[in-house]
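# Close look at the chain arrangement
Chain by chain, the residues run as shown.
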Amino acid sequence: MKRNWSFPVAARYLMTHGGRKGHLGNLLAVLGLVIGILTLVTVLTVMNGFQQGFISSINEIYSYHLRIENPEMTYNEVREITRDIPNISAVVPFADHQVILTSQDGFSRGIQIRFIDENAALSDQGFIQQLQMTRGDFLFPRPDTILLGADLARSVNAVVGDHLTLTFLDVSSGRGSVNNLEFSVGGIFRTGYYEYDRNMAFASLSSYPEERGSGNLVYGIKLKKHFRDLKVQETLQSAQGLDHTPVVSWRTYNSAFFNALKVEKTFMLLIVGLIFIVVAVNIYHSMKRGVRERLEELALLKAIGGTPGEIRKLYLYQGVLIGVTGCLFGTVLGILISMNINEIMDTAVSLSERLRMIGYGITGRSDSYQPRPFYFTDIPVHLMIRDLAIINGAALMSALLASWGAVRRYSGVNPAEIFRNE
């Protein structure tokens, strides 16, 4: 049986150059792949963390996974229809309204207030987990209790127990009129999403005036697996009583924002992935130079029975070894950096703060001072296997294409011509 000699010779060529151990070109190629993969894995893991955090905040707090808008039935009727539909975890009625909030200190701000059924909301675990109460509890002991976002409370100088005035425009009677509602701050929340922490408040649905409640009432539906929303949406729209009622998915309701996130990720992948082109060019020129330097050896291999296909495999195996080595080390290092990004950032921030203090001639430091240059407390990370597969596939393909391009002209070398020229 004929022995496959291409792979052991390829491994030997990978580690030697000009009869000496070590090959700087191949080492730089592996290093380039490691840096490129490490960078892409880290960037995309952090970007995925932010994107999933944004999507989670929007879906859990604001838009819900599905919305039944302006239904002609009561909450109990909607609850009865959705009771036996799989994947539905909660149904929450609510109504939104734009108001002007005025604190007892005279600070005013335009906000969106959501009047929500607190009993139904308490069954929505995703909402309760995302709505982190920094002061007070998610309870409405009185109908005139209101919950404020942390940055909203700070902007109007409000604390728990303060009295607020909500000014809204009532157009239910056909003529616009300005009405006021008095509320007391019962709690302060933080979602991690600045827009909601700055511009949103919650109150009990029982405090929403009945004359405006029916036309603005919306039922928010939470799913156990939000990527299965289309199937549940189709089931709801075919249910009796909801066949003529619009059921809106989170994909449609937030399509502009989510499409922007998708485009951002795609372009980031393409821009950072340009490093693979640089690495491929490096591999191509390094191997092409190596092929020219080893023409006599290739001619000898052909003279003793080597075929053009085996010569091509000799350098393709080199490309595989370079690609696999770069992918392995780059992926492992990228995952390690991503999983420890918060510790790395804390160390970098602390070091920069120390250098700044030294620059200003300040000696010593305060252990109680922890610089936080970001709105969020931790950098979120989310590792996706699909992204790892795309990154490693692109890196390996660039190495293989460069190897094939470098050897394709020389795989059919004529031994007699080479030896005659020698």
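Residues numbered from 1 in each chain as written. Predicted model: local features only at pLDDT ≥ 70, side-chain atom pairs only at ≥ 80, totals over all residues. Heavy atoms only, no water.

## Overview of the packing of helix 12 (residues 274-293) against helix 16 (residues 385-407)
Between helix 12 and helix 16, whose axes approach to 8 Å, the crossing angle comes to 30°. Relative to helix 16, helix 12 is oriented roughly parallel. The handedness of the crossing between helix 12 and helix 16 is right-handed. Residues F276, A280, I283, Y284, M287, K288 and V291 of helix 12 form the contact with helix 16, whose participating residues are I391, A394, A395, S398, A399, A402, S403, G405, A406 and V407. In terms of residue class, the contact of helix 12 with helix 16 is made up of 13 nonpolar, 3 polar and 1 charged. (Axes fitted to C-alpha atoms, helices over the stretch in contact; angles between N-to-C directions. Helix = DSSP H or I, 4+ residues; strand = E, 2+ residues; numbered from the N terminus. Parallel < 35°, antiparallel > 145°, perpendicular 65-115°, else oblique. Left-handed = near helix turned anticlockwise from the far one by under 90°. Contact = heavy atoms within 4.5 Å. Nonpolar A, V, L, I, M, F, W, Y, C, P; charged D, E, K, R; others polar.)

## Considerations on helix 2 (residues 24-63)
With 40 residues, helix 2 extends 55 Å between its outermost C-alpha atoms, agreeing within 8% with the 58 Å of an ideal straight helix rising 1.5 Å per residue. Among the residues trailing helix 2, Y64 stands out with phi positive, at a value near 65°. (Expected span 1.5 Å × (residues − 1).)

## Remarks on the nonpolar core
In this structure, I37, F276, I283, I322 and I391 are the most contacted members of the largest nonpolar core, which totals 30 residues. Those elements giving two or more residues to this core turn out to be helix 2, helix 12, helix 14 (308-339) and helix 16. Per-element tally for this core: the top contributor is helix 2, with 9 residues. I37 has contacts with F276, G326, C327, G330, T331, I391, N392 and A395, leaving out every residue within four places of it along the chain. (Core = buried A, V, L, I, M, F, W, Y, C linked by side-chain atoms within 4.5 Å. Buried < 20%, exposed > 50% of the residue type's maximum accessible area, 1.4 Å probe, protein only.)

## Remarks on the pattern of salt bridges
Evaluation of the coordinates by the stated rule reveals 9 salt bridges. Between E80 and R83 there is a salt bridge, and its shortest N-O distance comes to 3.6 Å. Residue classification places E80 among the partly exposed positions, given a relative accessible area of 49%. For D229, the salt bridge is made with R251, and the minimal N-O distance between the two is 2.9 Å. Of the two residues, D229 is situated in helix 9 (residues 229-237) and R251 in helix 10 (residues 250-253); the sequence distance between them amounts to 22 residues. (Salt bridge = Lys/Arg side-chain N within 4 Å of Asp/Glu carboxyl O.)

## Focus on helix 11 (residues 255-272)
Over its 18 residues, helix 11 extends 26 Å from the first C-alpha to the last, a length consistent with the 26 Å expected when each residue adds 1.5 Å. Every buried residue of helix 11 is accounted for by F258, L261, K265 and V272. Along helix 11, the residues classed as buried sweep out an arc of 75° about the axis, all on the same side. Exposed side chains of helix 11 directed beyond 90 degrees from the buried face belong to A256, L270 and I271. Buried positions along helix 11 lie against helix 2, helix 10, helix 12 and helix 16. (Arc of directions from axis to C-beta.)

## Observations concerning the pairing of strand 9 (residues 177-190)
When strand 6 (residues 132-136) meets strand 9, the two strands line up antiparallel, connected through 4 bridges. Each residue of the ladder has a partner; that of G136, found in strand 9, is G187. Note that strand 7 (residues 145-149) and strand 9 share 5 bridges and pair parallel. Within strand 9, the position partnered with G149 by the bridge is F189. (Pairing = 2+ DSSP bridges.)

## Thoughts on unusual backbone geometry
The phi dihedral of Y64 falls on the positive side, at around 65°, and the residue is not glycine. Along the chain, Y64 falls in the loop between helix 2 and strand 3 (66-69). Although it is not a glycine, N157 sits at a positive phi angle of roughly 60°. With respect to the helices, strands and loops of the structure, N157 is situated in the loop between helix 6 (150-155) and strand 8 (163-170). Since its relative accessible area comes to 43%, N157 is described here as partly exposed.

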